[in-house]
Amino acid sequence: MKRAGIPSEEFIYSGHTACPGCGALLVARYLLKTLGKNTIMNIPPCCFAAIPGTFPDTCLSIPLLYNAFETTAATASGIEAALKIKGKKEKITVVGFAGDGGTADIGIQALSGAIERGHEIIYVCYDNEAYMNTGMQTSSLTPMGATTTTNPIGKKGGWRVKTKKNMMDIVAAHNIPYAATVNPSYPFDFVKKIEKARSVKGPSYIHAYSVCPTGWRYPPEFGLELGRLATETGIFPLYEFENERYTINYKKKTKRVFEYYKLQGRFKHLTEDFIEEVQKIVDKEWNKLLLKEKCSTE
Ligand SMILES: Cc1ncc(C[n+]2csc(CCOP(=O)(O)OP(=O)(O)O)c2C)c(N)n1
Ligand code: SF4
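Residues numbered from 1 in each chain as written. Chains lettered and ligands numbered in written order. Predicted model: local features only at pLDDT ≥ 70, side-chain atom pairs only at ≥ 80, totals over all residues.

### Brief notes about the site of ligand 1
In step 1: Inspection of the region around ligand 1 gives 17 residues, with C46, C47, G99, G101 and N133 positioned closest.
In step 2: Of the residues forming the shell around ligand 1, the biggest block, three residues, is contributed by helix α4 (residues 100–105).
In step 3: Grouping the amino acids of the shell around ligand 1 by side-chain chemistry returns nine nonpolar, seven polar and one charged. (Near = placed C-beta within 6 Å. Helix = DSSP H or I, 4+ residues; strand = E, 2+ residues; numbered from the N terminus. Nonpolar A, V, L, I, M, F, W, Y, C, P; charged D, E, K, R; others polar.)

### A closer look at helix α7 (residues 187–199)
In step 1: The end-to-end C-alpha distance of α7, which contains 13 residues, comes to 19 Å, matching closely the 18 Å that a straight helix rising 1.5 Å per residue would cover.
In step 2: Within the sequence span of α7, burial applies to F190, K193, I194 and A197. For α7, the angular spread of the buried residues around the axis is 100°, confining them to a single face. Along α7, the residues that are exposed and aim more than 90 degrees away from the buried face are F188, E195 and S199.
In step 3: As for α7, its buried residues are in contact with α1 (23–35), β6 (122–127), β7 (178–182), β8 (204–209) and β9 (239–242). (Expected span 1.5 Å × (residues − 1). Buried ≥ 20, exposed ≤ 12 C-beta atoms within 10 Å, placed from the backbone. Arc of directions from axis to C-beta. Contact = placed C-beta atoms within 7 Å.)

### A look at helix α9 (residues 223–232)
In step 1: Buried within α9 are the following residues: G223, G227, L229, A230 and T231.
In step 2: Along its buried surface, α9 packs onto α1, β8, α8 (213–216) and α10 (257–261).
In step 3: Two residues or fewer past α9, G234 is found with a positive phi of approximately 90°.

Right under this line is the structure:
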């Protein structure tokens, strides 16, 4: 059953161990609400491996398999292949669910292989922009200007000066049948994209914006507002890559990077000039995305 377009059944019960305002939990909640009970999930070491609690006291009501850090996509591929061999008639969705470290750094080879082989899996990267479970170390998806425990602020700087690796470009380069960005601050868009991913014949990749009040250092009640700002600044655009075509789902880029950065402690050391540099990069990436959409529809 759906209430206002959002499936009403819950698959995550109370009793989880996430921090208040954790985005990973919200991403998993909308994901499982949409996919329903015929879902098997596998996860590597990450915050979400700890969040459901340990068997038999887990708060997830679907089967969950733990895998080694680098093997999320390989494990999901194996589950999908095993279900095929068993000849299961009902549709069972297999989801590999990993953080940005487990996806963009350590698990990227397994992800590439699974897409190449064409397994019918949904791979979800919940992107909280650092290795949070082990105390906020920099990953290749940590944004420009952020301080982490491996990019500590010193007299001569120290914070991250590189931009984020673009995972959507990387999976698009594999010509994946379906890839999309989602943000829990836009739940209708989120649910629509997960429904689409489930219906795809072959692999899908979902890149999920995932706030982390503990690591990003802001009050937990601002999570949804921060999510809206991420999309309205163009820092986290909502778009899809489907059958070689790009579609931008939200085009109101009305806010400035400064408005998003000033709310978070991880950026508080930055000067206005540095943030202006980030603004230029965000604008350039946004214009590139508009061009990708234009070129792929011509
Ligand atoms: C091979 C291996 N290396 C390191 C670890 C330690 N470890 C456990 S969770 C974790 C952080 C995972 O970060 P990420 O994938 O970004 O997910 P998050 O914790 O942010 O949710 C690390 C480094 C491990 N379990 N296995
Ligand atoms: S550290 Fe961040 S990602 Fe991990 S449980 Fe806490 S809020 Fe969630």
